[in-house]
Structure formats: C-alpha cells, structure tokens
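Coordinate analysis (summary)
These are the residues of each chain, in order.
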Amino acid sequence: MPSASADVPVFDRLELAQMTIHQRIIIRIPRVLGGHPTQPLQSDRAIRWTAKKGPKCISADLLEGAIITGSDSVDLLIADGSRLRAELDDHCPALDFYSGLYLKQTSDGLVCADRDSIRARSGSVCRIDGFKRLEARR
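The structure contained in this document is the topic of the report that follows. (Residues numbered from 1 in each chain as written. Predicted model: local features only at pLDDT ≥ 70, side-chain atom pairs only at ≥ 80, totals over all residues. Heavy atoms only, no water.)

What to know about unusual backbone geometry
Spelled out, the test is: Strands here mean DSSP runs of E at least two residues long; helices mean DSSP runs of H or I at least four residues long; both are numbered from the N terminus.
Even without glycine at this site, D114 takes up a positive phi of about 60°. With respect to the secondary-structure elements, D114 resides in the loop between β8 (110-112) and β9 (117-120).

Notes on the pairing of strand β7 (residues 101-104)
Remark: a regular strand shows side chains that alternate across the two faces of the sheet. Rules: Remark: exposure states derive from per-residue accessible area (1.4 Å probe, protein chains only) relative to the maximum for the residue type, with buried under 20%, exposed over 50%, and partly exposed in between. Think of it this way: DSSP has to see at least two bridges between two strands before they count as a pair.
Burial along β7 is one-sided: the face carrying L101 and L103 is buried and the face carrying Y102 and K104 is not. Inspection of the sheet shows β7 paired to β9 by three bridges, in the antiparallel sense. Considered in β9, the bridge of L101 is made with A120.

Notes on the pairing of strand β10 (residues 125-136)
Pairing of strand β2 (residues 49-53) with β10 involves five bridges; the strand directions are antiparallel. In the strand pairing of β10, K53 is matched with K132. As defined by bridge partners, β9 adjoins β10 across three bridges and the pair is classed as antiparallel. What sits directly across from R119, in β10, is V125.

A word on the pattern of salt bridges
Note the following rule: Any Lys or Arg side-chain nitrogen found within 4 Å of a carboxyl oxygen on Asp or Glu counts as a salt bridge.
Counted according to the given criterion, the structure contains eight salt bridges. With its nearest N and O atoms 3.2 Å apart, the salt bridge here joins D75 to R83. Owing to a relative accessible area of 0%, D75 belongs among the buried residues under this scheme. Two residues, R115 and D116, come together in a salt bridge whose shortest N-O distance is 3.0 Å. Note on D116: relative accessible area 11%, which makes it buried. When salt bridges that share partners are traced, they join K56, D114, R127 and D129 into one network.

So, the state of the cysteines
Under the convention used in this document: Disulfides are defined as cysteine sulfur pairs within 2.5 Å.
Per the counting criterion, the structure on display carries one disulfide. The disulfide partner of C57 is C112, and the gap between their sulfur atoms is 2.0 Å. Looking along the S-S bond of the C57-C112 disulfide, the torsion reads about 115°, which is the right-handed sense. Remark: C112 occurs in strand β8 and C57 occurs in strand β3 (residues 57-59); sequence separation between them is 55 residues.

Overview of the environment of R115
To keep it simple, the criterion reads: In what follows, residue pairs with any heavy atoms lying within 4.5 Å of each other are defined as contacts. Here a polar contact is recorded for every N or O atom pair within 3.5 Å, except that within protein the pair must consist of a potential hydrogen donor and a potential acceptor, and residues adjacent in sequence are included only if both atoms are side-chain atoms.
Assignment of secondary structure puts R115 in the loop between β8 and β9. Overall, R115 belongs to the partly exposed group, its relative accessible area being 40%. Among residues more than four places away in sequence, those in contact with R115 are T106, D108 and L110. Looking at R115, its side chain comes within polar contact range of the side chain of D116, at 3.0 Å.

Considering the environment of G100
Mapping G100 onto the fold places it in the loop between β6 (83-88) and β7. Put simply, G100 and I68 are 32 residues apart on the chain and 9.3 Å apart in space, counted from C-alpha to C-alpha.

Structure, rendered in structure tokens:
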C-alpha cells in the first residue's frame, strides 16, 4: 500500500510570475462643421468671439466636438454649450486636425494645458499651450 505522502505532489522549486497589463484609452473628438452639435448650425464666420482667461484643465467627459478656426488653435465644444480655444504650441499647424482629433485618456480624467497633447489621425501630436474661454460678442 502506497504511503499517504506519495499522493501529495512535491514541489522542488517555487516559481513566481508577475503580469502587468497596460491599457491605453484614446478619446476621439469629432470635427463639427458648424455650431454646437445640439443647436442649429450657424456660420462661425458670422459670430465674433471674445477670448477670456480659460481654465488650466477641463474634464475630458465634457468635450463634444471640435472646430478648426485658426492655424494654431482648435475650438473645443463643451457639453454645456460653451466653447474653449485650445492654443497649440508654435510649430503645430491645426490644419492636420480636419478629420477629427484624439486625446489620450489620463488617470485624472482631465485635459490640461502644458501637460496634454492632441493627436491627429495623420500621427501629428501637438501640445496644448493654453485654453481661452470664448464668448460670443453681442
């Protein structure tokens, strides 16, 4: 009759393994051809905008769309109907973003000036230098 110890497997060595899973989330922000997505389209040329001091960061969840308005900036449409201008670094033409833009999701869920970048489908990456809050002139 076999001994009881023969039924128990013997481990002559112990192996440890570590697995790291990296996850990358990209947020696509669609290009909008007119005004705010929830309002009737208007010609942006008819609206005059005044730039005011903007926030340092904005929640990525609030971004609904983007409008290319200048050679060095992209206007971001916010869920509440407001608009922020993302000013890009010096050597980054906004024309690359005509087919939409992408943001990397950050751990804090914010898009911040002097930290984050926007990416074009073409592969271009432009750092956001600052935000300006835009108000329609009356």
